[in-house]
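So you can see what is in the structure, the chains are spelled out below.
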Amino acid sequence: MWLTLYNIFAVMVFSYSLILFFSYLMLVVQSYRAQARLKVDLPDDETIKYMLRSSPLTPGVSIIAPAYNEEVTIIDNVNSLMHIDYPNFEIIIVNDASTDRTMELLINEYKLVEVPYDVAMKVPSKPIKRVLKSTDSRYSKLVVVDKEHGGRKADGSNAGINVCSNKYFVCTDVDCIIEPMALYRMMWLVVNSHEPMIGVSATMLMSNNCTVDEGRVSEARVPTRFFPMFQQLEYLRSFLIGKLGWSNFNALPNISGGFGLFDTDVVVKSGGYDQTSMAEDMDMLLRMVTYMCNSGKPYKVAQVPAVCCWTEGPNTAKQLFRQRIRWARGLFEIISHHRKLFANPHYGFLGVVTLTYMFLFEFLAPVFEAVGFLFMIWLIIIGGVNWETMAIIFAMIYLFSILLTMIIILLDVVAGSVNWDNKPKAYLTLLFASLIEPFIYHPFVSYCSNYGYWQFIRNTTATWTPIQRRGVKKKK
């Protein structure tokens with residue numbers, strides 16, 4: 001009997017892993033094809049910059065960055081945004097009723113004064129108390145919105161949308177460091193698309209361990225601290241394989257809340273960000289796609305392979321634990337609220353394939369892993385384990401994980417996505433992370449996901465705890 005149960009378990013694990021392997025192989029192929037296509041669609045940076053700067057038709061962009069209790073880094077962060085190179089943009093900092101000196105520092109540093117401003121409530125948000133602009137012409141692009149506390153980033157983003165004056169907006173985190181060519185690369189895809197481009201996702205990486213000079217990453221390095229090192233590997237896997245691969249099918253399921261460009265009009269017609277959502281970025285894109293499909297309108301969502309943004313990730317287990325619980329709850333929320341899209345041909349490849357993949361291999365994976373782990377312990381206790389078969393299955397999964405990292409490195413070499421300060425050391429660090437990830441980091445993240453699912457099922461009150469910023473290294 002035990003042998004039969006073990007054989008069934010082994011076949012299920014092998015089959016699940018095999019399907020996942022071929023799914024990743026498909027994404028790798030599509031990612032490579034997307035990069036090859038983008039090499040044609042995206043000329044060199046200087047050409048893109050010249051064409052967009054010289055054209056009077058280049059669309060304007062509003063950069064919306066909600067801030068809550070960011071006094072440690074707020075001035076450096078705004079200065080970084082000020083260094084953005086683009087012909088027509090505005091920066092909207094949304095102070096979500098910070099209880100520290102965030103607002104005071106902004107007023108003093110940028111000589112802000114309250115100005116009359118007719119705010120059109122295009123999407124729901126907490127009341128805006130005042131809008132401030134600078135008396136110094138150097139900061140003419142800066143707009144600061146002071147609003148009542150909404151509790152989550154989504155409410156701050158909505159307030160920024162209500163104030164923004166451009167056809168497109170970028171939603172970002174106030175601590176993000178944006179690459180000089182980021183907006184040029186994203187907007188080039190928008191203006192050259194044959195179908196309405198409702199959103200553009202851009203590659204993001206960890207700024208931990210990077211050196212910053214005058215608001216720019218001058219030395220890009222893989223983090224050496226334990227948890228950010230694994231997150232860097234995760235980000236590369238997500239953007240260079242997952243998102244780039246799905247984008248080749250026009251089936252991208254998510255644009256990161258850390259840095260993404262959206263069509264303002266489509267966002268407004270879709271209702272703006274859900275203020276109650278724990279996954280407001282993915283929820284927003286899915287509602288935009290739902291709106292376009294239900295209206296019978298063609299659309300496109302693209303991914304830029306080159307790194308466009310750097311963000312500070314959790315440095316400690318406690319911070320990472322909170323973040324991943326929030327992400328897990330958000331994924332459960334997406335599965336629940338957007339279930340009508342799943343396996344629904346009305347929503348194209350995204351509904352039939354991408355969301356089905358997410359359900360099987362992202363949402364259910366932590367549950368299967370937990371059940372499998374408990375089942376294995378039980379089999380070990382009763383002496384029902386075929387150790388040779390188990391070793392083969394584990395070796396297959398382990399080698400597959402390392403192979404993915406090698407593919408990521410190869411894709412980065414081919415595409416030149418990241419200009420690492422020391423490429424051999426960076427790649428060796430990523431490879432080292434992949435060797436120990438299955439034993440330490442992955443079980444931790446899997447536990448966080450299951451804990452987050454349990455909180456969602458129990459309807460435990462969700463809280464949004466911002467990451468405690470350490471700041472980045474500055475060039476001496």
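Keep in mind it's a predicted model, so treat the numbers as computed, not measured.

1. A short note on the environment of Val 28
Thinking step 1. Its location among the elements puts Val 28 in helix 1 (residues 2-41).
Thinking step 2. Note: C-alpha distance between Val 28 and Val 307 (279 residues apart in sequence) is 18 Å.
Thinking step 3. Setting aside residues up to four positions removed in sequence, Val 28 forms contacts with Ile 241 and Ile 407.

2. Digging into the packing of aromatic side chains
Thinking step 1. If you walk through the whole model with that rule in mind, you get 31 aromatic pairs.
Thinking step 2. Relative to Phe 439, the ring of Tyr 398 has its centre 5.5 Å away and its plane inclined at 55°; by these criteria the two rings are tilted. Taken together, the residues span a long stretch of sequence, with Tyr 398 in helix 13 (residues 387-415) and Phe 439 in the loop between helix 14 (423-436) and helix 15 (441-458) at a distance of 41 residues.
Thinking step 3. Given the relative accessible area of 48%, Phe 439 is considered partly exposed.
Thinking step 4. Among the aromatic residues, ring-to-ring pairing joins Tyr 16, Trp 246, Phe 249, Phe 349, Tyr 357, Phe 361 and Phe 368 into one connected group.
Thinking step 5. The ring of Phe 89 carries the charged tip of Lys 141 above its face, separated from the ring centre by 4.7 Å.

3. Here we look at the side chain of Glu 90
Thinking step 1. Tracing the backbone through its elements, the reader meets Glu 90 in strand 2 (residues 89-95).
Thinking step 2. In this structure Glu 90 is buried but unpaired, with Lys 133 as the nearest side chain of opposite charge at 6.2 Å.
Thinking step 3. Among the polar contacts listed, one links the side chain of Glu 90 to the side chain of Ser 62, at a separation of 2.6 Å.
Thinking step 4. Those residues in contact with Glu 90 that lie beyond four places of it in its chain are Val 61, Ser 62, Ile 63, Lys 141, Val 143, Cys 164, Ser 165 and Asn 166.

4. Describing the side chain of Glu 179
Thinking step 1. Along the chain, Glu 179 falls in the loop between strand 7 (177-178) and helix 6 (182-191).
Thinking step 2. Look at Glu 179: it is buried, it has no salt bridge, and the nearest opposite charge is Arg 185 at 5.3 Å.
Thinking step 3. A distance of 2.9 Å separates the side chain of Glu 179 from the side chain of Trp 310, its partner in a polar contact.
Thinking step 4. Dropping the residues within four chain positions of it, Glu 179 is found in contact with Val 217, Val 307, Cys 308, Cys 309 and Trp 310.

5. Quick look at the environment of Val 352
Thinking step 1. Positionally, Val 352 belongs in helix 11 (residues 348-363).
Thinking step 2. According to the relative accessible area criterion, Val 352 is partly exposed, its value standing at 38%.
Thinking step 3. Sequence-distant contacts of Val 352, defined by excluding residues within four places in its chain, comprise Ala 343, Asn 344 and Pro 345.

6. Observations concerning the confidence of the model for the chain
Thinking step 1. Of the residues in the chain, 95% reach a pLDDT of 70 or more, and the chain-wide mean stands at 88.
Thinking step 2. When the elements of the chain are averaged for pLDDT, strand 13 (residues 473-474) gives the smallest value, 59, and helix 8 (residues 264-269) the largest, 96.

7. What about a nonpolar patch on the surface?
Thinking step 1. Among the surface-exposed residues, Phe 14, Leu 18, Phe 22, Leu 25, Val 29, Met 396 and Ile 397 lie close enough to one another that they form a single nonpolar patch of about 570 Å² accessible area.
Thinking step 2. Contributing elements (two or more residues each) for the nonpolar patch: helix 1 and helix 13.
Thinking step 3. By residue number, the principal contributor to the nonpolar patch is helix 1, which donates five residues.
Thinking step 4. Tracing the backbone through its elements, the reader meets Leu 18 in helix 1.
Thinking step 5. Leu 18 sits in the partly exposed class, given a relative accessible area of 33%.

8. Some points on the sheet that holds strand 3 (residues 112-115)
Thinking step 1. Strands sit in the order 3-4-5-2-1-6-11-8-12-7 across an open sheet of 10 strands; the sheet is mixed. Two strands close off the open sheet at either side, each with one partner strand: strand 3 and strand 7.
Thinking step 2. Examined bridge by bridge, strand 1 (residues 61-67) and strand 2 share seven bridges and lie parallel to one another. Residue pairing across strands places Ala 65 opposite Ile 93, the latter belonging to strand 2.
Thinking step 3. Strand contacts of helix 5 (residues 153-163): strand 1, strand 2, strand 4 (128-134), strand 5 (142-147) and strand 6 (168-172), with the helix running at about 145° to strand 1, the strand carrying the most contacts.

How each quantity is defined
Residues numbered from 1 in each chain as written. Predicted model: local features only at pLDDT ≥ 70, side-chain atom pairs only at ≥ 80, totals over all residues. Heavy atoms only, no water. Helix = DSSP H or I, 4+ residues; strand = E, 2+ residues; numbered from the N terminus. Contact = heavy atoms within 4.5 Å. Phe/Tyr/Trp six-rings, centres within 6.5 Å; stacked < 30°, edge-to-face > 60°. Buried < 20%, exposed > 50% of the residue type's maximum accessible area, 1.4 Å probe, protein only. Lys NZ or Arg CZ within 6 Å of the ring centre and 35° of its normal. Lys, Arg positive; Asp, Glu negative; His and termini not counted. Salt bridge = Lys/Arg side-chain N within 4 Å of Asp/Glu carboxyl O. Polar contact = N/O pair within 3.5 Å; in protein donor to acceptor, adjacent residues only side chain to side chain. pLDDT = per-residue confidence, 0-100. Patch = residues over 30% accessible without salt bridge, like charges linked within 9 Å, V, L, I, M, F, W, Y side chains within 5 Å. Areas by Shrake-Rupley, 256 points an atom, 1.4 Å probe, with all protein chains shown as cover. Pairing = 2+ DSSP bridges. Axes fitted to C-alpha atoms, helices over the stretch in contact; angles between N-to-C directions.

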